[in-house]
Amino acid sequence: MLDVIIIGSGPAGFTAAIYAARANLRPLIIASSVEVGGELMNTTEVENFPGFPEAIMGPDLMAKMQQQAERFGAEVVYDDAAELDLHGAVKRVTLGSGRVEETRSLIFATGSAYRKLNIPREDELSGHGLSWCATCDGFFFREKEIAVVGGGDSAMEEATFLTKFASKVYLIHRRDEFRASKIMQRRAFDNAKIEVIWNSEVAELKGQGQLSGVVLRDLVTRDTRELALDGLFIAIGNDPRTHLIHGKLDLTSQGTIAVDGRSSRTSVPGIFAAGDVIDPTYRQAVTAAASGTVAALDAEHYLATLDDVFPTLVDAATTASPEEKP
Ligand code: NAP
């Protein structure tokens, strides 16, 4: 039996792994079968992670975090957690492959998923001119006219990055001011290839098999108009990835996993949560990393006191496999 399983491989998951591994807890990281490294894998230059004064590319930062965790004995599995049994002292995680792992504690660091516009044909045109990842797909839009939807840091970053390829980038926002940080806004405003379309939403996607444009609705006048486009990037934020634990762990009104105060303790003993999945507010790589630290320390403390929490179950589990005693 394992001491700690960590689900998620973003800054929260890998930082939790570094701390847990250094505490000799031999963590197993379930890193996902497709999205290893979390959201920073879709980011270009990270300029605000301390220690990298010249900036670092998102994927490079994640590779370094993984190396650091593995150096201390963390094991990474490239699979998804498909099912969880969180009752009792022994938690069971069934992976996509069918493999079942047992653990005495579990850290949830599943991050968040891209938000969709929730308009017709979004799934159909995804990958056919419609994208959620500028770093992945920007290259396909050389000398094309494209648009980005959103008004936060992600939208500013994506729009600015996409001007390396596109001839024109419209930035479509539903209000008349951005919520992005001033420095990111300034970069977008100063870029001659970016044109902001304020107070507007995408009402319809156009194109047969490939996106050819959108219908925009002006939210002040309610007028609609068509805008021809080769590509559309959605950057309207993320929702916490909690589908695995619905009905198993308490959630907050904002949809994040509920934790006890500043700790990572969830509503079930032995289950901890860290990073974007508990954070509706700050959602930075550095705050996620800090949150991963808290979760590893909480898990370590929990394991040290486990005998008091579940004396009978722990006895039964350890009697069944004495060689697995910590
Ligand atoms: P965000 O800050 O939540 O912004 C989402 C934007 O999308 C908002 O402008 C919002 O409009 C708009 N929006 C939301 N739902 C919409 C919908 N259904 N239709 C149209 N527009 C919609 O998300 P984010 O930009 O992804 O940033 C998330 C976090 O990551 C933030 O804390 C941000 O600072 C951080 N981040 C940092 C960096 C960096 O520092 N390099 C880069 C990227 C992200 P309203 O403004 O009207 O609500």
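Owing to the predicted nature of the structure, the values given are computational and were not obtained by experimental measurement. (Residues numbered from 1 in each chain as written. Predicted model: local features only at pLDDT ≥ 70, side-chain atom pairs only at ≥ 80, totals over all residues. Heavy atoms only, no water.)

## Details of the overall build of the protein chain
No. 1: Looking only at helices and strands, the protein chain has 9 helices and 19 strands in total.
No. 2: When the backbone C-alpha atoms are referred to their principal axes, the protein chain occupies close to 70 × 40 × 35 Å.
No. 3: Within the protein chain, the proportion of its 326 residues that are buried is 49%.
No. 4: Long-range contacts, defined here as pairs at least 24 residues apart, represent 59% of the contacts in the protein chain between residues at least 6 apart.
No. 5: Entry remark: accessible area of the protein chain is about 16000 Å², with carbon and sulfur atoms responsible for 49%.
No. 6: Both charge centroids of the protein chain, one from 32 positive and one from 46 negative side chains, sit 3 Å from each other. (Helix = DSSP H or I, 4+ residues; strand = E, 2+ residues; numbered from the N terminus. Buried < 20%, exposed > 50% of the residue type's maximum accessible area, 1.4 Å probe, protein only. Contact = heavy atoms within 4.5 Å. Areas by Shrake-Rupley, 256 points an atom, 1.4 Å probe, with all protein chains shown as cover. Lys, Arg positive; Asp, Glu negative; His and termini not counted. Charge placed at Lys NZ, Arg CZ, Asp CG, Glu CD.)

## Observations concerning the domain arrangement of the protein chain
No. 1: Taken as a whole, the protein chain is organised into domain 1 (2-114 + 238-319) and domain 2 (122-234).
No. 2: On a C-alpha basis, the centres of domain 1 and domain 2 stand 33 Å from each other.
No. 3: Facing 7 residues of domain 1, the contacting portion of domain 2 comprises 8 residues.
No. 4: Carbon and sulfur atoms make up 49% of the surface buried where domain 1 meets domain 2, a total of about 600 Å² over both sides.
No. 5: The largest per-residue losses of area from domain 1 upon contact with domain 2 belong to Asn42, Thr44 and Tyr114, which jointly make up 68% of the total buried on that side. (Domains from an automatic or database assignment. Buried area = accessible area lost by both parts, 1.4 Å probe.)

## Regarding the side chain of glutamine 185
No. 1: Along the chain, the position of glutamine 185 falls in helix α6 (residues 182-189).
No. 2: Setting aside residues up to four positions removed in sequence, glutamine 185 forms contacts with Met156, Phe178, Arg179 and Ala180.

## A closer look at unusual backbone geometry
No. 1: Positive phi, close to 55°, is recorded for glutamate 143, a residue that is not glycine.
No. 2: Residue position: glutamate 143 is located in the loop between α4 (134-137) and β11 (145-149).
No. 3: The class for glutamate 143 is exposed, based on a relative accessible area of 61%.
No. 4: Unusually for a residue other than glycine, arginine 283 sits at a positive phi of about 50°.

## Things to note about the pattern of salt bridges
No. 1: All chains considered together, the criterion is met by 17 salt bridges.
No. 2: A salt bridge links lysine 206 to glutamate 204; its shortest N-O distance comes to 3.3 Å.
No. 3: What makes lysine 206 partly exposed here is its relative accessible area of 25%.
No. 4: On the basis of relative accessibility, which here comes to 38%, the residue glutamate 204 falls in the partly exposed class.
No. 5: For aspartate 260, the salt bridge identified is with arginine 265, shortest N-O distance 3.1 Å.
No. 6: Under the relative-accessibility criterion, arginine 265 is labelled partly exposed at 40%.
No. 7: Here the salt bridges do not stand alone but share partners, grouping Asp3, Arg26 and Arg104 into one network. (Salt bridge = Lys/Arg side-chain N within 4 Å of Asp/Glu carboxyl O.)

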